[in-house]
Amino acid sequence: MPSKLKVVPNARLGAGCRLVGTRRNGHRSTSRRGATTLLVSDHESTMRRGFLNGKKESKDDGREVNDLSTTPAAASKTKSRPTGPDIAGNIYCTIPEDAAPGEQVTECYIDPTRRAALNKIPGFPQPMQPPGEVLFRLGESPGKGMGLFATRKIKQSELISDHRPLLLSPMSLRLPMHVQMAMVLGGRDVLSESIENLVQRMTPSNRARYMALANSHPEAGAELGIFQTNCEGTRALNEVGDVVIKKHGQCRFSTVCDVISRMNHSCSPNTSTYFIKQSFSWRVWATRDIEEGEELTSSYTIMLASASTRQRMLADYAFQCQCPACTDASASNARRAKIIEVDFNPELGLKWINDASLSDDWLVEKCHAQIALIEQEGLETSEEYWEVFVTLMRVYLCLGDIKTARKWAARAYECQWVHLHREAVDGQDVALVLDEASMEYERHIVWCSRVKEEQ
Ligand SMILES: [Zn+2]
């Protein structure tokens, strides 16, 4: 699976050639890179209806995190320069405000209402929960510059890292026209200035880590160029309490996290990430078993898109992916198209429930074929992987087999990189089935719906 990336001069991939606001795991929404004004989505998003979701109240995820690996940010003796909103209506602040010595901190440029809403999250920011040991190292990646490599065997679903970003900023600023005009005439760029300010506010060690990242946009200057090269969009902050960005699909905030930034691209990535707003940190999971010494990779593109589409997206990074899915494109394209084609929607489940001529295994077989295809393509990071497990769980509920249903519920739950954002929408029954102390599963809408009545 390690991809071979051909680096075009000046594109220092390893140190983090990242899409601006790349949508990771995001096969169903487009993303492209460009200037900081680009609106992109990340992987914390796509909401689809699954197969006969049992209804239950949604609940917020409150999982937490902690620190790890690289040099911990020497906690700034909080330089909380109190500032009022600037011309764009934003303030500068450090999260957490009262960091303990050595605690990772993020310099933020954010609107005051959203900042206040974050403070209403119980215990904000909650502690991070990194693994007890560092699971990766920085090293040379042949043909790609630098990259991250596993320091031991890592199991599928293992948490690899939990890290606060170095900075957070909106991806674009909305300024009144007359202000924009004045800025242009005055030769000023608010976003560029804000990024420079954020870097200046960093602790010396954080600033050093930031400035060590790749800059594929030297023409934009050091701070902004590094931001454009390495920033990772997060939708998690689009909705904080009552503060909501309503435009669907738009990713308004971007972060730079030097762990995520250092992962090279693969069209069959072995990790996935998710921003946890409660702890204000990025978690990285292994989406399949990773061998010691294997490079950790993430996707900068829409994973299920065709090879040519992916290449077009990657062209913005000035490199060509030469992973197996790209070099043997026709076979890979056919498999990826097939994965998209099988849609485990409620209609498919209802068809099976209501059609007695179909065997009990009809849907199970489809699911297992889908799992095999996804694993063959190395797309465990995709939402389709989670969907298959949820479908299998519901299939066994239909058959009145709670033991097997629980087994598949556990697999879905282990795909935290998808489960965290799909649970509230169409995976609430996973928790219901997993609760061994409860018989609530018997109230699931499909429970025993395929159990034939004995005469
Ligand atoms: Zn590729």
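Residues numbered from 1 in each chain as written. Predicted model: local features only at pLDDT ≥ 70, side-chain atom pairs only at ≥ 80, totals over all residues.

Asker: How should the overall build of the chain be read in this particular structure?
Answerer: Per the secondary structure count, the chain includes 15 helices and 16 strands. Across the 455 residues that make up the chain, the buried fraction comes to 49%. A separation of at least 24 residues holds for 72% of the contacts in the chain among residues at least 6 apart in sequence. (Helix = DSSP H or I, 4+ residues; strand = E, 2+ residues; numbered from the N terminus. Buried ≥ 20, exposed ≤ 12 C-beta atoms within 10 Å, placed from the backbone. Contact = placed C-beta atoms within 7 Å.)

Asker: Can you walk me through the packing of helix H9 (residues 329–341) against helix H11 (residues 362–377) in this structure?
Answerer: Each pair of packed helices gets described by two things: the angle between the helix axes and the distance between those axes. Close contact between H9 and H11 brings their axes to 10 Å; oriented N to C, the two are set at 140°. Relative to H11, the element H9 is oriented oblique. Note on packing geometry: the crossing formed by H9 with H11 is left-handed. Across the interface between the two elements, Ser332, Arg335, Arg336, Lys338 and Ile339 from H9 touch Gln370, Leu373, Ile374, Gln376 and Glu377 from H11. (Axes fitted to C-alpha atoms, helices over the stretch in contact; angles between N-to-C directions. Parallel < 35°, antiparallel > 145°, perpendicular 65-115°, else oblique. Left-handed = near helix turned anticlockwise from the far one by under 90°.)

Asker: What is the right way to read the environment of alanine 356 from this model?
Answerer: Locating alanine 356 in the fold gives a position in the loop between helix H10 (346–354) and H11. On the neighbour-count criterion, alanine 356 (9 C-beta atoms within 10 Å) is exposed. Placed 94 residues apart in sequence, alanine 356 and arginine 450 show a C-alpha to C-alpha distance of 8.6 Å.

Asker: I'm lost on the confidence of the model for the chain in this one. Help?
Answerer: Close reading of the predicted structure is inappropriate where its pLDDT is low. Summary statistics for the chain give a mean pLDDT of 80 and a share of 80% for residues scoring 70 or more. Predicted confidence is poor over residues 1–80, with pLDDT under 50, and the contacts of this stretch with residues over four places away or in other chains come to 290 contacts. (pLDDT = per-residue confidence, 0-100.)

Asker: Honestly, the pairing of strand S5 (residues 145–150) in this entry has me stumped. Any pointers?
Answerer: The side chains of a regular strand alternate, residue by residue, between the two faces of the sheet. Relative to S5, strand S4 (residues 136–141) runs antiparallel, the two being bridged by six bridges. Within S5, the residue paired with arginine 137 across the bridge is phenylalanine 149. (Pairing = 2+ DSSP bridges.)

Asker: Looking at this structure, how should I read the nonpolar core?
Answerer: As a rule of thumb, soluble globular proteins bury nonpolar side chains together. Counting residues in hydrophobic clusters, the biggest one holds 97 residues, and the most contacted among them are Phe389, Met393 and Ala412. A total of 11 residues in this core trace back to one element, the largest contributor, which is helix H12 (residues 383–398). When residues are assigned to domains, this core turns out to be shared by domain 1 (5–326) and domain 2 (331–443), each giving three or more. Non-local contacts of alanine 412, meaning those with residues more than four positions away in its chain, are made with Trp386, Phe389, Val390, Met393, His419, Gly427 and Val430. (Core = buried A, V, L, I, M, F, W, Y, C linked by C-beta atoms within 7 Å. Domains from an automatic or database assignment.)

Asker: I tried to follow helix H7 (residues 307–315) on my own but got confused; where do I start?
Answerer: Helical geometry note: an α-helix holds 3.6 residues per turn, so side chains three or four residues apart project in the same direction. Taken together, the buried positions of H7 are Ala307, Arg310, Met313 and Leu314. In a view along the axis of H7, the buried residues occupy a sector of 125°, so they form one face of it. For H7, the secondary structure elements touched by its buried residues are strand S12 (264–265), strand S16 (319–321), helix H8 (324–327) and H9. (Arc of directions from axis to C-beta.)

Asker: Hey, could you run me through the sheet that holds strand S2 (residues 91–95) in this one?
Answerer: Strands belonging to one sheet form pairs held by backbone hydrogen bonds; the direction of such a pair is parallel or antiparallel. Read across the open sheet, the five strands follow the order S2-S3-S7-S11-S8; overall the sheet is mixed. Because the sheet does not close on itself, it has two edges, and the strands there are S2 and strand S8 (232–234). Averaged over all pairs of adjacent strands, the angle between their axes in this sheet comes to 25°, without regard to strand direction. Alignment of S8 against strand S11 (residues 253–256), held across three bridges, turns out to be antiparallel. Within S11, the position partnered with glutamate 232 by the bridge is threonine 255.

Asker: Hey, could you run me through unusual backbone geometry in this one?
Answerer: When glycine is set aside, most residues are seen to have a negative phi, and most peptide bonds are trans. Residue isoleucine 95 is joined to proline 96 through a cis peptide bond whose omega torsion reads -5°. Assignment of secondary structure puts proline 96 in the loop between S2 and strand S3 (106–110). In this model, phenylalanine 124 is joined to proline 125 through a cis peptide bond whose omega is -15°. Assignment of secondary structure puts proline 125 in the loop between helix H1 (112–119) and S4. One non-glycine residue with positive phi stands out, namely serine 157, at about 80°. The exposure class of serine 157 is partly exposed, given the 17 C-beta atoms found within 10 Å. Even without glycine at this site, phenylalanine 280 takes up a positive phi of about 55°. By the secondary structure assignment, phenylalanine 280 is in the loop between strand S13 (271–276) and strand S14 (281–286).

Asker: Can you walk me through the sheet that holds S14 in this structure?
Answerer: As summarised here, the arrangement of the three strands in space is S6-S14-S13, forming an open sheet in which the pairing is antiparallel. Two strands close off the open sheet at either side, each with one partner strand: strand S6 (159–163) and S13. Across the sheet, the axes of successive neighbouring strands diverge by a mean angle of 15°, strand direction being ignored. Two elements, S6 and S14, share four bridges in a ladder whose sense is antiparallel. Across the sheet, histidine 163 pairs through a bridge with tryptophan 282, a residue of S14.

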